[in-house]
Amino acid sequence: IEGMRDGGGGGGRRDEDADSFDGPIDVTPTHLDLGYKGYSFRIVVRADQELRMLRGLRNPTPEARALRESLINRHVRGAMHHSLIHAVHTRHPSSSYVVRLARRWVASHMLSDMIPHEAVELLVASLYTEPEAAGGGGGGGGPGTGGGAV
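Residues numbered from 1 in each chain as written. Predicted model: local features only at pLDDT ≥ 70, side-chain atom pairs only at ≥ 80, totals over all residues. Heavy atoms only, no water.

### Some thoughts on the overall build of the protein chain
Thought 1: In terms of helices and strands, the protein chain carries 6 helices and 3 strands.
Thought 2: The order of α-helices and β-strands along the protein chain, N terminus first, is α-α-β-β-β-α-α-α-α.
Thought 3: For the protein chain, the proportion of its 150 residues judged to be buried stands at 22%.
Thought 4: Contacts spanning at least 24 positions in sequence make up 24% of the contacts within the protein chain whose residues lie at least 6 apart.
Thought 5: Here the protein chain displays about 10800 Å² of accessible surface, and carbon together with sulfur accounts for 57% of that area. (Helix = DSSP H or I, 4+ residues; strand = E, 2+ residues; numbered from the N terminus. Buried < 20%, exposed > 50% of the residue type's maximum accessible area, 1.4 Å probe, protein only. Contact = heavy atoms within 4.5 Å. Areas by Shrake-Rupley, 256 points an atom, 1.4 Å probe, with all protein chains shown as cover.)

### Describing the pairing of strand E2 (residues 31-36)
Thought 1: By the bridge criterion, 3 bridges tie strand E1 (residues 25-27) to E2 in an arrangement that is antiparallel. Directly across from Ile25, in E2, lies its bridge partner Leu34.
Thought 2: Linking E1 to E2, which pair antiparallel, is a turn of 3 residues.
Thought 3: Alignment of E2 against strand E3 (residues 39-44), held across 6 bridges, turns out to be antiparallel. Each bridged residue has a counterpart across the sheet, and for Leu34 the counterpart in E3 is Phe41. (Pairing = 2+ DSSP bridges.)

### Details of the side chain of Glu121
Thought 1: Residue position: Glu121 is located in helix H6 (residues 117-129).
Thought 2: For Glu121, a relative accessible area of 12% corresponds to the buried category.
Thought 3: Within the structure, the side chain of Glu121 is placed 2.5 Å from the side chain of His81, a separation counted as a polar contact.
Thought 4: Among residues more than four places away in sequence, those in contact with Glu121 are His81, Ile85, Val99 and Arg103. (Polar contact = N/O pair within 3.5 Å; in protein donor to acceptor, adjacent residues only side chain to side chain.)

### Remarks on a nonpolar patch on the surface
Thought 1: Residues Tyr39, Phe41, Ile43 and Val45 make up a contiguous nonpolar surface patch of roughly 440 Å² in combined accessible area.
Thought 2: By relative accessible area, Tyr39 is classed as exposed at 58%. (Patch = residues over 30% accessible without salt bridge, like charges linked within 9 Å, V, L, I, M, F, W, Y side chains within 5 Å. Salt bridge = Lys/Arg side-chain N within 4 Å of Asp/Glu carboxyl O.)

### Some words on the confidence of the model for the protein chain
Thought 1: Scored by pLDDT, the protein chain has a mean of 80; 74% of the residues are at 70 or more.
Thought 2: Ranking the elements of the protein chain by mean pLDDT puts helix H1 (residues 2-5) last with 54 and helix H5 (residues 95-108) first with 96.
Thought 3: Low pLDDT, under 50, characterises residues 146-150; the predicted model gives this stretch 12 contacts beyond four residues in sequence or across chains. (pLDDT = per-residue confidence, 0-100.)

Right, dumping it as structure tokens:
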């Protein structure tokens, strides 16, 4: 990336590509944020080797246990959560708007620090996947749809 910015590489296209990296580039221990052609990207490197190593320890220290739990939460449970929410949003397009509204409601009541956004997403997903949770009793199809097959 820096080579593209500095004019490295070859061909006439390099000037266009170098100008496309107009956003900030921030490197942290957990991820890389960069801007490209007006879009922001966050790149997270999975730590599968570290997880295997920590899982193989016979007598892990408390720090090793905490690191293992942190990596599992970030990489394994986070990926599962993303897949679940993506499936709900794909099947029920209005669910993304409901999640945004619910997050805004939580923030307006100053509860953002107490309720993680993943919990809000799961609560909304339960409304779409479990009609009984929405008080519909049996029809389903999501909140405000008036029933119908799911």
